[in-house]
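The residues making up each chain are set out below.
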Amino acid sequence: MPIAMITGATSGFGRAAARRFADAGWSLILTGRRQERLDALEQELAERVEMLTLALDVRDAEAVKHAVESLPEAFRGVTCLLNNAGLALAPQPSQQVDLADWHTMIDTNVTGLVNVTHAMLPLLIATGAGASIINIGSAAAKWPYAGGHVYGATKAFVEQFSYNLRCDLKGTGVRVTDIAPGLAETEFTLVRTKGDEAASEALYGDTTPLQAKDVAEQIVHVATLPAHININFLEIMPTRQSWSPTHVERD
Ligand SMILES: NC(=O)C1=CN([C@@H]2O[C@H](COP(=O)(O)OP(=O)(O)OC[C@H]3O[C@@H](n4cnc5c(N)ncnc54)[C@H](OP(=O)(O)O)[C@@H]3O)[C@@H](O)[C@H]2O)C=CC1
Ligand SMILES: O=CCS(=O)(=O)O
């Protein structure tokens, strides 16, 4: 059975992808920091598929390296790495942000993603044809907005890193895709606002955002394409979301 390794499997897109891969019969390596959520997923899915859960903070390069080196033989033939763990913080303008929040986004969305990718590359290259790295970027990588500051910049990194990885992996059979969702209802806004439920409800209310399972469907689609097809970039928005005009300051 193919194996998917998912970072940030404890919520949102990662958890929905774990369920969708399980529906397709894939074995799973599920990671995240919250052990109780990993336990709940194990309870839910372990009867149906082979799975392993690893409590892991992607920011900790040594812990990531150790976790990958310690994978049991039966879980080393990874077919898909889903680099999904990430977050936004500080919705306020740059001039009002705590520097620590910028660092947390960079440490997670950039450093964490490269930590996991670096540790996993030998395993994915050993799998070869049909293997894939799916990086979760964001529409915010291309479309700036007030309060997007470092978050959008980290996702621009994810996009360009994905393309550059593709260049290096030519000839190995390993595919690389950047999936860039727009507005999607998950715990993302609760995290971004440090627990403001009203803000989260206001953002996702009165419209029809993407749901985590919509994105999971695309993730599994990309991972199960024939080995000779590489989707480089896939931006997904809800039908009711499009672009804003640029802003002009007026007297
Ligand atoms: N929702 C949206 O509108 C969009 C989200 N995205 C991106 O999608 C990805 C998933 O977000 P989403 O599902 O929406 O949000 P959620 O908050 O629902 O899920 C985020 C996941 O990331 C994990 N995570 C966060 N920090 C770390 C860390 N240091 N180490 C390990 N895992 C971590 C969390 O697990 P735990 O806390 O247990 O560690 C959780 O499982 C993110 O990269 C986000 O930037 C992209 C576009 C749109
Ligand atoms: O990546 C998340 C989508 S948005 O909040 O930046 O639009």
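This is a predicted model, so every value here is computed, not measured.

Draft legend 1. Region of interest: the environment of Val58. Relative to the helices and strands, Val58 resides in the loop between strand S3 (51-55) and helix H3 (61-69). You can call Val58 buried: its relative accessible area is 7%. Sequence separation between Val58 and Thr31 is 27 residues; the distance between their C-alpha atoms is 9.0 Å. Val58 has contacts with Thr7, Val64, Ala85, Thr108, Gly112, Asn115 and Val116, leaving out every residue within four places of it along the chain.

Draft legend 2. Examining empty space enclosed by the protein more closely. The final tally for this structure, using the stated rule, is 1 cavity of 30 Å³ or more. Taken as a whole, the largest cavity holds about 40 Å³ of empty space. Ranked by residue count, the leading element in the lining of the largest cavity is helix H4 (residues 99-127), at 4 residues. Looking at the lining of the largest cavity, its residues break down into 4 nonpolar, 5 polar and no charged.

Draft legend 3. Fine view of a negative patch on the surface. Taken together, the side chains of Glu185, Asp196, Glu197 and Glu201 define an acidic patch exposed on the protein surface. Looking at where Glu185 falls in the secondary structure, it is placed in strand S7 (residues 184-185).

Draft legend 4. Seen up close, the site of ligand 1. Surveying the vicinity of ligand 1 reveals 29 residues, the closest of which are Thr10, Ser11, Arg33, Tyr151 and Thr186. Here Lys155 contributes a side-chain N or O atom positioned 2.9 Å from an oxygen atom of ligand 1. Note that a nitrogen atom of ligand 1 is positioned 3.1 Å from one of the backbone N or O atoms of Ala184. About the coverage of ligand 1: the protein hides 96% of its 870 Å² of free accessible area. Elements with a minimum of two residues in the shell around ligand 1: helix H1 (12-23), helix H5 (149-169) and helix H6 (188-192). Within the shell around ligand 1, the residues separate by chemical class into 11 nonpolar, 12 polar and 6 charged.

Draft legend 5. Structural context of the packing of aromatic side chains. All chains considered together, the criterion is met by 4 aromatic pairs. Pairing Phe21 with Trp26 gives two aromatic rings, centres 4.7 Å apart and planes at 50°, and the pair type is tilted. The same class applies to Phe21 and to Trp26, which are both buried. Arranged with centres 5.6 Å apart and planes meeting at 65°, the rings of Trp143 and Trp243 form a pair that is edge-to-face. Taken as a pair, Trp143 in the loop between strand S5 (132-136) and H5 and Trp243 in the segment after strand S9 (233-236) lie far apart in primary sequence, 100 residues in all. Classification of Trp243 as exposed rests on a relative accessible area of 53%. The ring of Phe233 carries the charged tip of Lys142 above its face, separated from the ring centre by 4.6 Å.

The rules behind the values
Residues numbered from 1 in each chain as written. Chains lettered and ligands numbered in written order. Predicted model: local features only at pLDDT ≥ 70, side-chain atom pairs only at ≥ 80, totals over all residues. Heavy atoms only, no water. Helix = DSSP H or I, 4+ residues; strand = E, 2+ residues; numbered from the N terminus. Buried < 20%, exposed > 50% of the residue type's maximum accessible area, 1.4 Å probe, protein only. Contact = heavy atoms within 4.5 Å. 1 Å grid on protein atoms, 1.4 Å probe; cavity = no way out; pocket = protein on both sides within 12 Å on 5 of 7 lines; lining within 4 Å. Points joined across faces, edges and corners; volume = space filled by probe spheres on them. Nonpolar A, V, L, I, M, F, W, Y, C, P; charged D, E, K, R; others polar. Patch = residues over 30% accessible without salt bridge, like charges linked within 9 Å, V, L, I, M, F, W, Y side chains within 5 Å. Areas by Shrake-Rupley, 256 points an atom, 1.4 Å probe, with all protein chains shown as cover. Salt bridge = Lys/Arg side-chain N within 4 Å of Asp/Glu carboxyl O. Lys, Arg positive; Asp, Glu negative; His and termini not counted. Charge placed at Lys NZ, Arg CZ, Asp CG, Glu CD. Near = heavy atom within 4 Å. Polar contact = N/O pair within 3.5 Å; in protein donor to acceptor, adjacent residues only side chain to side chain. Phe/Tyr/Trp six-rings, centres within 6.5 Å; stacked < 30°, edge-to-face > 60°. Lys NZ or Arg CZ within 6 Å of the ring centre and 35° of its normal.

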